[in-house]
Amino acid sequence: METSKVYTGENAKLLLQGKEYNLPIMIGSEKEVGLDITKLRADSGAITVDSGYGNTGSCLSAITFIDGERGILQYRGYPIDELAAKSNFVEVAYLLIFGHLPTKAELDDFNFKLTHHSLIHEDMKKFFEGFPPTAHPMGILSSMVNSLSAFYPEFDYKTDLEINIARLIAKLKTIAAFSYKKSIGQPYIYPQNHLSYSGDLLNMMFAVPSEEYKINKVVEEALDLLLILHADHEQNCSTSTVRMVGSSEANLFASISAGICALWGPLHGGANQEVLEMLEHIRADGGDYKKYMNMAKDKSSGFKLMGFGHRVYKNFDPRAKILKASADKVLGQLGKSDPLLDIAKNLEEIALKDDFFIERKLYPNVDFYSGIIYRAMGIPTNMFTVMFALGRLPGWIAQWKEMRETPGTRIYRPRQIYTGATKRAHAPIDKR
Ligand code: SDX
């Protein structure tokens, strides 16, 4: 939808200190309504304030659409459940970044690039040696991604963007796998060109030089599904960070490294690790999930039901629905059962009937079931958020590219309302 077509030609009226101001009305392709306040400060001297930006649009975007009330998620207009059932991760990455589902020739070319750029410079291995074995893989990931700008310093947007996008997607899985091997003291396993993106990640994480590693197709498909479901999600915390950093024209690697840091937080991508640790804690405490539900409702407990609630979804997160079904399927196909899944289902069942959660429209989000599946695959808890970052990378890239290519994009620089001390004279130290 052309930017000019977003404006209806009508204005909302703001009456402020006796004067009336026009705020142009915008309506998006999915009928969302917005008010353009671009000229508000110049016209009235006033700004708007919106803690946490819950009511503020930072941009126009054609990449992902979420309807939080109806639990809808679409990438470039395709419903998430259709993409989950009919596409693979590389195809979805292409869709998000380039705006259309690839033809066979386009997909073959993209796969070739992702396969043939998956090695990292051998000198980068020295960085891994500098980290203590206890280093969290997310700290390693953000450092390594930022260091790619040292190995690929030239960044002419017109000529180098596509190859650097391919390098980043190809190398992030190698960096992720190497950080895992480093943490368990095993030798690095190098990328294999004949494997799929998800298959190669599993091989690099779990193969050992002394024996052949057989990729379990169930696990490969489940990992690909998890990557698809995490691929983009509008202007969430980490994506807004990538846009913020990119708006200063910092390079792609630096912008994505910042996004990885934002994702690490326990309220955002770090929640999948927190959910598993919460479920393990409940199990270790005798499995009394009702006790923890009551704690979640008691603010003074400081306990939150991790994996529940969402700034946008006030209905089921469609990704959580898909992951709940996938958890049952993967555990069944692997012939595994997991008491933590039973605890998770019991928590969900109670929450969906409890007034505290119903009034606050708190439903399971993408992080509530994903960790159960990662665990069934043998992926350690401290790698869960790394898996989230691998999935979210195409979305971050697509949003960064859209921001850089939107005419008139300005450096992100919010305002504030100052509440500190008014002007006062300096006092010499013996007079303070
Ligand atoms: C992701 O933005 C995205 O799109 C993110 C994401 C993506 O794909 O990029 O979807 C991925 O980050 C999912 C969210 C993962 N985080 C968690 O699961 C952590 C637990 N959830 C909460 O911290 C919280 O729900 C947030 C951070 C997700 C949303 O926070 P908001 O929108 O600021 O909501 P809030 O904290 O103001 O909560 C509203 C009310 C409060 O109660 P009251 O003050 O109104 O009495 O709900 C309560 C909160 O105390 N509440 C919870 C709760 N989440 C909110 N109470 C108990 N347990 C919870 N999990």
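Residues numbered from 1 in each chain as written. Predicted model: local features only at pLDDT ≥ 70, side-chain atom pairs only at ≥ 80, totals over all residues. Heavy atoms only, no water.

K.L.:
I would appreciate a short explanation of the site of the ligand in the present structure.
P.N.:
The local shell around the ligand holds 23 residues, among which His233, Lys299, His310, Arg311 and Arg319 are the closest. The separation between an oxygen atom of the ligand and a polar side-chain atom of Lys299 is 2.7 Å. Between Arg360 and the ligand, the recorded distance is 3.1 Å, taken from a side-chain N or O atom to an oxygen atom. Along the lines of polarity and charge, the residues of the shell around the ligand split into nine nonpolar, seven polar and seven charged. Of the domains in this structure, domain 2 (79-265 + 382-405) and domain 3 (271-380) are the two that each give at least three residues to the shell around the ligand. (Near = heavy atom within 4 Å. Polar contact = N/O pair within 3.5 Å; in protein donor to acceptor, adjacent residues only side chain to side chain. Nonpolar A, V, L, I, M, F, W, Y, C, P; charged D, E, K, R; others polar. Domains from an automatic or database assignment.)

K.L.:
Mind showing me how you'd approach the layout of surface pockets here?
P.N.:
Which parts of space are left empty comes out when a probe the size of a water molecule is rolled across the atoms. By volume, the second largest pocket amounts to about 290 Å³. Around the second largest pocket, the lining is made up of 15 residues, and of these Glu221, Ala222, Leu225, Ser326 and Lys329 lie nearest the centre. Elements that contribute at least two residues to the lining of the second largest pocket include exactly helix 10 (217-229) and helix 15 (318-333). Residue composition of the lining of the second largest pocket, by class: eight nonpolar, four polar and three charged. Residue assignment places the lining of the second largest pocket across two domains, with domain 2 (79-265 + 382-405) and domain 3 (271-380) each supplying three or more. (1 Å grid on protein atoms, 1.4 Å probe; cavity = no way out; pocket = protein on both sides within 12 Å on 5 of 7 lines; lining within 4 Å. Points joined across faces, edges and corners; volume = space filled by probe spheres on them. Helix = DSSP H or I, 4+ residues; strand = E, 2+ residues; numbered from the N terminus.)

K.L.:
How do you make sense of the sheet that holds strand 6 (residues 78-79) when you look at a structure like this?
P.N.:
The strands making up a sheet associate through backbone hydrogen bonding, with each pair oriented either parallel or antiparallel. Sheet architecture is open: three strands sit in the order 4-5-6, paired in antiparallel fashion. Looking at the sheet topology across the chains shown, the edges are occupied by strand 4 (64-67) and strand 6. Pairing of strand 4 with strand 5 (residues 72-75), which is carried by four bridges, proceeds in the antiparallel orientation. Within strand 5, the position partnered with Thr64 by the bridge is Tyr75. (Pairing = 2+ DSSP bridges.)

K.L.:
Would you take a moment to explain the pairing of strand 2 (residues 19-27) for this structure?
P.N.:
If a strand is regular, its side chains alternate between the two faces of the sheet. Relative to strand 2, strand 1 (residues 7-16) runs antiparallel, the two being bridged by seven bridges. Each bridged residue has a counterpart across the sheet, and for Asn11 the counterpart in strand 2 is Pro24. Strand direction decides the pairing type here: strand 2 and strand 3 (residues 33-35), joined by three bridges, are antiparallel. Of the residues in strand 3, the one forming a bridge with Met26 is Gly34.

K.L.:
Got a minute to help me understand helix 13 (residues 271-284) in this structure?
P.N.:
Residue pairs three or four apart in sequence face the same way in an α-helix, which turns once every 3.6 residues. Relative to the 20 Å expected for 14 residues at 1.5 Å per residue, helix 13 spans 19 Å between its end C-alpha atoms, a close match to the ideal helical length. On its buried side, helix 13 packs onto helix 14 (289-297), helix 16 (339-351), helix 18 (366-376) and helix 19 (384-405). (Expected span 1.5 Å × (residues − 1). Contact = heavy atoms within 4.5 Å.)

K.L.:
What is the right way to look at the sheet that holds strand 1 in this model?
P.N.:
Pairing is antiparallel in the open sheet, where three strands are placed in the order 1-2-3. At either end of the open sheet lies a strand with only one pairing partner, and these are strand 1 and strand 3. Direction aside, neighbouring strands of the sheet carry axes that sit 35° apart on average. (Axes fitted to C-alpha atoms, helices over the stretch in contact; angles between N-to-C directions.)

K.L.:
Looking at this structure, how should I read helix 19?
P.N.:
Relative to the 32 Å expected for 22 residues at 1.5 Å per residue, helix 19 spans 32 Å between its end C-alpha atoms, a close match to the ideal helical length. Of all the bends found along helix 19, the most pronounced is centred on Arg392 and spans about 45°, while Pro394, a proline, follows it within four residues. Counted residue by residue, helix 19 has 20 buried out of 22 residues, so it is predominantly covered. (Bend = angle between axes of the 7 residues up to and from the residue. Buried < 20%, exposed > 50% of the residue type's maximum accessible area, 1.4 Å probe, protein only.)

K.L.:
Just checking my understanding: could you explain the packing of helix 7 (residues 137-151) against helix 19 for this structure?
P.N.:
In a packed pair of helices, the relevant descriptors are the angle between the two axes and the axis-to-axis distance. Their axes nearest at 8 Å, the elements helix 7 and helix 19 cross at an angle of 35°. On helix 19, the residues that touch Pro137, Met138 and Leu141 of helix 7 are Thr385, Val386 and Ala389. Considering only residue class, the contact of helix 7 with helix 19 consists of five nonpolar, one polar and no charged.

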